[in-house]
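# Remarks on the overall topology
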Amino acid sequence: MTFSAWLFSAKLAWGKPWLRWSSIVALFAPISFGTLFLVKVMASVQSQGNIVYHYNIYLGIDDVRVWWWVILLPLMWFLLSLIDVVIAYGMYRIDSYFSAALVTFAIAWSFPWAGVLFYLYLFNV
């Protein structure tokens, strides 16, 4: 697919209110929750020098990383959502229902991602 074909498909998709607002929500969620997570956790993680990255109910804390790993999860969430929206907008001319499903899926996976960041916040602060 050429860039001009993708751009034409994206302009058509942006004209649909459901796709426009759901893509805004799908991209706003990782930005807002990720920024909130980083603001809350960054000070304590930098002072400790490491971050608790995984907790297991059977073993307890089983993964500790250096402090800059705190950036990975919010950044990965945003990039995956951005890629999902870009693919959805490019596929709009071919299959509009598939595009709407992709963007809806990006909103749906925001709930588990937000839960992961919340629990990491609880373990690290």
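See the structure above.
Residues numbered from 1 in each chain as written. Predicted model: local features only at pLDDT ≥ 70, side-chain atom pairs only at ≥ 80, totals over all residues. Heavy atoms only, no water.

What follows concerns the layout of surface pockets. Volume-wise, the largest pocket comes out at about 170 Å³. The wall of the largest pocket is formed by F33, L36, F37, K40, A114, L117, F118 and Y121. Where the lining of the largest pocket is concerned, the elements lending two or more residues are α2 (17–48) and α5 (110–124). Among the residues making up the lining of the largest pocket, the classes are represented as seven nonpolar, no polar and one charged. (1 Å grid on protein atoms, 1.4 Å probe; cavity = no way out; pocket = protein on both sides within 12 Å on 5 of 7 lines; lining within 4 Å. Points joined across faces, edges and corners; volume = space filled by probe spheres on them. Helix = DSSP H or I, 4+ residues; strand = E, 2+ residues; numbered from the N terminus. Nonpolar A, V, L, I, M, F, W, Y, C, P; charged D, E, K, R; others polar.)

Taken as a whole and assessed by the stated rule, the structure comprises one salt bridge. Here R65 ties to D63 by a salt bridge, and the two come within 3.0 Å at their closest N and O atoms. (Salt bridge = Lys/Arg side-chain N within 4 Å of Asp/Glu carboxyl O.)

Within the largest apolar cluster, 27 residues are counted, with the highest numbers of intra-cluster contacts made by L19, F37, V70, L73, W77 and Y89. Residue assignment for this core shows that the elements contributing at least two residues are α1 (3–14), α2, β1 (50–56), α3 (72–90), α4 (96–108) and α5. For this core, the element with the most residues is α2, which contributes eight residues. Apart from the residues lying within four places of it in its own chain, the contact partners of L73 are Y53, W113, V116, L117 and L120. (Core = buried A, V, L, I, M, F, W, Y, C linked by side-chain atoms within 4.5 Å. Buried < 20%, exposed > 50% of the residue type's maximum accessible area, 1.4 Å probe, protein only. Contact = heavy atoms within 4.5 Å.)

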